[in-house]
Amino acid sequence: MQTPVKKNQEVRVTVSDLSYEGMGVAKVDGYPLFVDNALPGEEVLIHVTKANKNYGFAFVKQFFQESPDRVAVSNRVYAQTGIAPLQHLAYPAQLKFKHNQIEQLFKKSHLDIKVLPTLAAPLQTGYRNKAQIPVREINGQLETGFYRRRSHTLIPIEDYYIQDPAIDHTVLVVRDLLRQYHVPAYDEAHNTGVIRHVMVRRGYYTHQTMVVLITRTRDLPHADEIVAGIRAALPEVSSIVLNVNPDATNVILGRRSRTLYGNDYLEDELLGSTFRISATSFYQVNPRQTENLYRLAVDAAGLTGKETVIDAYSGIGTISLTMARHAKHVYGVEVVPAAVADARVNAQINGIDNVTFELGKAEDVMQTWREHGLDADVLMVDPPRKGLASEFIDAVGVMLPAKVVYVSCNPATLARDIARLQDFGYHAEETQPVDMFPQTTHVESVTVLTRN
Ligand SMILES: C[S@@+](CC[C@H](N)C(=O)[O-])C[C@H]1O[C@@H](n2cnc3c(N)ncnc32)[C@H](O)[C@@H]1O
């Protein structure tokens, strides 16, 4: 079938929309083209780079009319790598984009739920408390950076723009030590070499820093010298972990870890509680906005001290422990063993004894709890991007908690899950988007569902 435009063709278009990935969308005879670095309302000359059957890709060759929401960009590499696909969009327009995304997805699913204005983040750059940086060899030199979008071609980067600058500095210190001791970088094509990724986490309040060196091999050559070098240059490093991932895979962390120096966890604080976080446990990446998100979630639960709460997908227990201060008992369920172990320790170190953490899949444990007669007044869910399993929703339909508080990092699965929960009589009045990831297209939100 003929497409209205061909590869390498240049055509003048008006950009009509912004895709979920932050690309401008322009239509030629109804045929959509995804245009890099283009914003709605802009008049541009584009160069088509790919023309698939149903859609194509292009870049802007010339601007005739720019959007009033366009802002100057410090470095195009952040868009090329996907680190900051919205960096050319003014922050208020980013908030509106996220609001509109939820609104459109609700509309598609025929959900009549008011979407509130997106809660802005306190920091719009330098906010991330975690980095997972690939290591590769380029022209004979070990480099750290980020992949070019839709590829595994590494672009060397020193300033990552949205990460805590202390983390960027840590990555450079580690990179220089790896170079000094001639540690071979991982070669993805042949699954050879040694060092695959450097992961760094830093406590926002404690400044404690964990460095995880992810290797293909069981051992890291010159580990003692590298550990000594990191400690000498970075006194805030409280933990250095070696994680081994021998597989030819895109998954970053392997199953085995051993601590080379210090603690096997990092400590940080949230809303006045202290949390231990292991290398493989989930921890929200924008600490100041996380406190706002959790405050919203806890307020939404409307706890009086009498309620039984289930916190499904509980991670290291951050939401569970925050809720436990205002509830009779909180039951958490989480699938990652290290996170459950962290959650149990976190309850202890914060002197909280009205919580129980269960290891397992939320969909299985919910059923078991139900069979054992556990009834929750409030169900808190904070699932990964794929949302709730259908078995989980079925169990909710049997347990029928009065309130479900849904913290979502993916509005598409949120809409799908709300539509399913409606079958059990749940409905939501409104959704509060919360910007956890400025400069990116990710959308977080809190929704309260109650039964008719
Ligand atoms: C978005 S995180 C939320 C964690 C925690 N509520 C927090 O705010 O830190 C989702 C969590 O769900 C866990 N998880 C993923 N699939 C799961 C499942 N089927 N059952 C239970 N937990 C799961 C992940 O390991 C992760 O800790």
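Model, not experiment: these values are computed from the prediction. Note on numbering: residues in each chain are counted from 1, in written sequence order. Totals for whole chains, interfaces and linings use all residues, but because this is a predicted model, local features are given only for residues with pLDDT of at least 70 and pairs of side-chain atoms are given and counted only at 80 or more.

What follows concerns the site of the ligand. Should the C-beta atom of a residue, placed from the backbone, lie within 6 Å of a molecule or strand, that residue is near it. Contacts to the ligand come from 19 residues, most closely from Phe 282, Tyr 313, Gly 315, Val 335 and Ala 362. Numbering of helices and strands starts at the N terminus; helices are DSSP runs of H or I of at least 4 residues and strands are runs of E of at least 2. Going through the elements one at a time, helix H6 (318–324) and strand S17 (329–334) are the ones with two or more residues in the shell around the ligand. In terms of residue class, the shell around the ligand is built from twelve nonpolar, four polar and three charged. In this classification, Asp, Glu, Lys and Arg are treated as charged, Ala, Val, Leu, Ile, Met, Phe, Trp, Tyr, Cys and Pro as nonpolar, and every other residue, Gly included, as polar.

Here the rule is simple: two strands pair whenever DSSP picks up at least two bridges between them. Spatial ordering of the open sheet is given by S9-S8-S7-S10-S11-S12-S13, a layout of seven strands whose pairing is mixed. Every other strand in the sheet has two partners, leaving strand S9 (154–156) and strand S13 (256–262) as the edge strands with one partner each. Direction aside, the axes of adjacent strands within the sheet are offset by 35 degrees on average. Here seven bridges tie strand S11 (residues 209–215) to strand S12 (residues 237–244), and the two strands are oriented parallel to one another. When the bridges of S12 are listed, Leu 213 appears paired with Leu 242. Across the face of the sheet, helix H3 (residues 165–180) comes into contact with strand S7 (130–138), strand S8 (141–147), strand S10 (195–202) and S11 while running at roughly 150 degrees to S10. In this analysis, axes come from line fits to C-alpha atoms, helices being fitted only over the stretch in contact, and the angle between any two N-to-C directions falls in the range 0 to 180 degrees. Contact between two residues is assigned whenever their backbone-derived C-beta positions fall within 7 Å.

Annotation from UniProt places "binding site: S-adenosyl-L-methionine" (unreviewed entry) at Gln 284, Tyr 313, Glu 334 and Asp 382. Residue position: Gln 284 is located in the loop between strand S15 (273–278) and helix H5 (287–301). Judged by local crowding, Gln 284 falls into the buried class, with 21 C-beta atoms found within 10 Å. Ignoring anything within four residues of it in the chain, the contact list for Gln 284 reads Thr 290 and Met 436. With respect to the helices and strands, Glu 334 occurs in strand S17. On the neighbour-count criterion, Glu 334 (28 C-beta atoms within 10 Å) is buried. Contact partners of Glu 334, with chain neighbours within four places excluded, come to Tyr 313, Ser 314, Gly 315, Ala 339, Val 340, Ala 343, Phe 357 and Leu 359. UniProt positions are given in the numbering used here, feature names are shortened, and annotations may be inferred rather than shown by experiment. Three exposure classes are used. Buried residues have 20 or more other C-beta atoms within 10 Å of their own C-beta, exposed residues have 12 or fewer, and partly exposed residues fall in between, all C-beta atoms being placed from the backbone.

Before going further, it helps to examine the UniProt feature "active site" (unreviewed entry) in the protein chain. The UniProt feature table records "active site" (unreviewed entry) at Cys 409. As for its placement among the helices and strands, Cys 409 is situated in the loop between strand S20 (403–408) and helix H10 (411–422).

Let us look at the sheet that holds strand S16 (residues 308–312). Taken in spatial order, the eight strands of this open sheet run S6-S21-S22-S20-S19-S16-S17-S18, and their pairing is mixed. Lying at the two open borders of the sheet, with one neighbouring strand each, are strand S6 (114–115) and strand S18 (355–359). Sheet analysis places S16 next to S17, joined by five bridges and oriented parallel. Bridge pairing links Asp 311 to Gly 332 in S17.

Turning to the domain arrangement of the protein chain, a few remarks are in order. By convention here, the domain bounds are inherited from an automatic or database domain assignment. As far as domains go, the protein chain holds domain 1 (10–70), domain 2 (98–122 + 286–451) and domain 3 (130–270). Between domain 1 and domain 3, the C-alpha centre-to-centre distance is 37 Å.

Turning to unusual backbone geometry, a few remarks are in order. Of note, Tyr 161 is a non-glycine position whose phi angle comes to about 70 degrees, a positive value. Even without being a glycine, Asn 191 presents a positive backbone phi close to 50 degrees. Its location among the elements puts Asn 191 in the loop between H3 and S10.

Another aspect to go through is the nonpolar core. Note on definitions: a nonpolar core is a set of buried residues drawn from Ala, Val, Leu, Ile, Met, Phe, Trp, Tyr and Cys, linked by C-beta atoms within 7 Å. Val 211, Ala 297, Ala 301, Met 323, Met 380 and Val 405 are the most contacted members of the largest nonpolar core, which has 126 residues in total. When residues of this core are assigned to their parent elements, the largest contribution, six residues, is made by H5. Residues in contact with Val 211, not counting those within four places in the same chain, are Thr 170, Val 174, Val 198, Val 200, Ile 230, Val 237 and Ile 240.

Here we come to H10. In an α-helix, one turn spans 3.6 residues; hence positions three or four apart end up facing the same way. By this rule the span expected of a helix is its residue count minus one, scaled by 1.5 Å. Counted at 1.5 Å a residue, the expected span for H10 with its twelve residues is 16 Å, and the 16 Å between its end C-alpha atoms agrees. Regarding H10, the residues found buried are Pro 411, Leu 414, Ala 415, Asp 417, Ile 418 and Leu 421. As for H10, its buried residues are in contact with helix H2 (91–108), helix H9 (390–399), S20, strand S21 (426–434) and strand S22 (444–451).

All right, on to the packing of H2 against H10 then. Geometry of a packed helix pair, given as the angle between the helix axes and the separation of the axes. Contact pair H2 / H10: the axes reach a minimum separation of 9 Å and the direction vectors enclose 35 degrees. With respect to the hand of their crossing, H2 and H10 are arranged in right-handed fashion. In contact with Gln 101, Ile 102, Leu 105 and Phe 106 of H2, H10 contributes Pro 411, Ala 412 and Ala 415. Partitioning the contact of H2 with H10 into residue classes produces six nonpolar, one polar and no charged. It is the rotation of the near helix from the far one that decides the hand of a crossing: anticlockwise by less than a right angle makes it left-handed, clockwise makes it right-handed.

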